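# Examination of the molecular architecture
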Amino acid sequence: MSGAGGAPGRSFEPDRLDDQSCLVEGDPAGMLRAVASSAAQVRTAYRSAREAEVARVAADGRPRAIVVAGVGASALAGEVLEAVCGNGAPLPIVTVRGYRLPGWVGAADLVCAVSRSGRTEETLALAAESVRRGCRMIGVGPVGTPLRDLVVRAGGPYVPVSGSPGPSRTALWELAVPLVVAAASLGLVEAGEDVFESMAGRLEDIAHRCRPSSESFINPGKTLAMELAGSVPMIWGTSPLARVAAHRLARQLSENAKYPAVWGEIPDASHDQLAVLDGPLAGRELFHDPFADEPDGSGGPSARLRLFLLRDAEEHPQVVKCRTASVRLAENRGVPVSEILAEGAHPLERLATLVGLGDYGSVYLAMGYGIDPTNVPAVMELQARVSP
């Protein structure tokens, strides 16, 4: 029988997280190193965007809309852009995942085609359609790829990424920062070099606090992993910015730890997801051991619901009320609650602190279960089966 969130026969062993040999052996491809490189990614991506002159998209004036074309981490970069620009943005920012652009997209719009490989099938299809429709374009991806050829053909700036080995989920900031730099040139957000440096500093601080040699009782990444283990996580953001971090954490749990999660944003999540507090996975004994055997003797851990709140410094007053009431309702039903607070003044800083901690937590969760956080065999098998 499978343990909750783990492969058949696997159980979460907290001691693994403070055993340096286990951490080295359990991460052969260096996912922890990749997460620790986030600050360097921000600085490099900012320089690359400036050198690629993405600011020249402002020469033709502000577009009618911005469309981000991509899937996976590339699509999440579009969510980052929308959240950072905020509700005050004077134009819509839309992320398209798939093979077809919406019918309304045309020459008055700016399409940002993003792909870590530069060869993503869906993104290439959207970029080619953008060229045919005469859209203004920006590209983010490796050099020497079909994506670059399409963007250059459209006359748009192209920001090169490293193309280094490793899954695209390790390169969120490399993909997202150039989009924010372009948005700043259009007057959609204030984000100069000082902002990106402050953001990088926040990520460096998280990397220091979550370093492998830091023991679990003072390491917030390992603490998060232990709170996640054996639970069915319901992850809510308390603002559009925190919603992106909730989505990111759920994705990282899926890919790094092979662990399912539900995510949403208050107030929307409280209209449907809150109902699970009265369901079969809610409630537990006061001193319940989440890693104890099931009552039926199956030997698997007894998975129970846990609410994770990713809290932004800027919350609507009604969201504050809803959040407070939701915590009270959860605790009254025996559902534990974990709250993670964003840090920093600028939206990029606050988002980085939530995403950075979540990235570490997902990797440590995988390693606590003895799972390689890098490989995604089921995803690779699917891609092999559906590739033309």
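As annotated in an unreviewed UniProt entry, the protein carries the name SIS domain-containing protein and comes from Sphaerimonospora cavernae. The protein has a UniProt comment under Sequence similarities (unreviewed entry) that states "Belongs to the PGI/PMI family."

Right, let's get into the overall build of the protein. When helices and strands are counted, the protein shows 13 helices and nine strands. For 388 residues, the compact-globule estimate of 2.2 N^0.38 gives 21 Å, and the protein sits close to it at 21 Å. Oriented by its inertia axes, the alpha-carbon framework of the protein measures out at about 65 × 45 × 40 Å. In the protein, which comprises 388 residues, the proportion classed as buried is 52%. A sequence separation of at least 24 residues applies to 77% of the contacts in the protein between residues at least 6 apart. Of the roughly 16,700 Å² that the protein leaves accessible, carbon and sulfur atoms contribute 53%. Where the 37 positive side-chain charges of the protein centre and where its 45 negative ones centre are 6 Å apart.

Relative to the helices and strands, T123 is located in helix α5 (residues 121-133). On the basis of relative accessible area, T123 is assigned to the buried category, the value being 1%. Look past the residues within four positions of T123 in its chain and what remains in contact with it is A69, G70, V71, A113, V114, S115 and L147.

Before going further, it helps to spend a moment on helix α3 (residues 38-51). Taking 1.5 Å per residue, 14 residues should reach 20 Å; α3 reaches 20 Å between its end C-alpha atoms and fits that length. Taken together, the buried positions of α3 are S38, A39, Q41, V42, A45, Y46, S48 and A49. Where the residues of α3 are buried, they touch α2 (31-36), β5 (158-160), α7 (172-185) and α8 (193-209).

This next bit is on the nonpolar core. Generally speaking, a soluble globular protein has its nonpolar side chains buried in company with each other. Formed by 89 residues in total, the largest nonpolar core has its most connected members in I66, L81, W173, F196, L351 and L365. In terms of residue count, helix α12 (residues 347-368) provides more of this core than any other element does, 12 residues in total. Setting aside its immediate chain neighbours within four residues, L81 contacts I66, V68, I93, L179, V180 and A183.

What counts and what doesn't
Residues numbered from 1 in each chain as written. Predicted model: local features only at pLDDT ≥ 70, side-chain atom pairs only at ≥ 80, totals over all residues. Heavy atoms only, no water. UniProt positions renumbered as here; feature names shortened; annotations may be inferred. Helix = DSSP H or I, 4+ residues; strand = E, 2+ residues; numbered from the N terminus. Rg over C-alpha atoms; globule rule 2.2 N^0.38 Å. Buried < 20%, exposed > 50% of the residue type's maximum accessible area, 1.4 Å probe, protein only. Contact = heavy atoms within 4.5 Å. Areas by Shrake-Rupley, 256 points an atom, 1.4 Å probe, with all protein chains shown as cover. Lys, Arg positive; Asp, Glu negative; His and termini not counted. Charge placed at Lys NZ, Arg CZ, Asp CG, Glu CD. Expected span 1.5 Å × (residues − 1). Core = buried A, V, L, I, M, F, W, Y, C linked by side-chain atoms within 4.5 Å.

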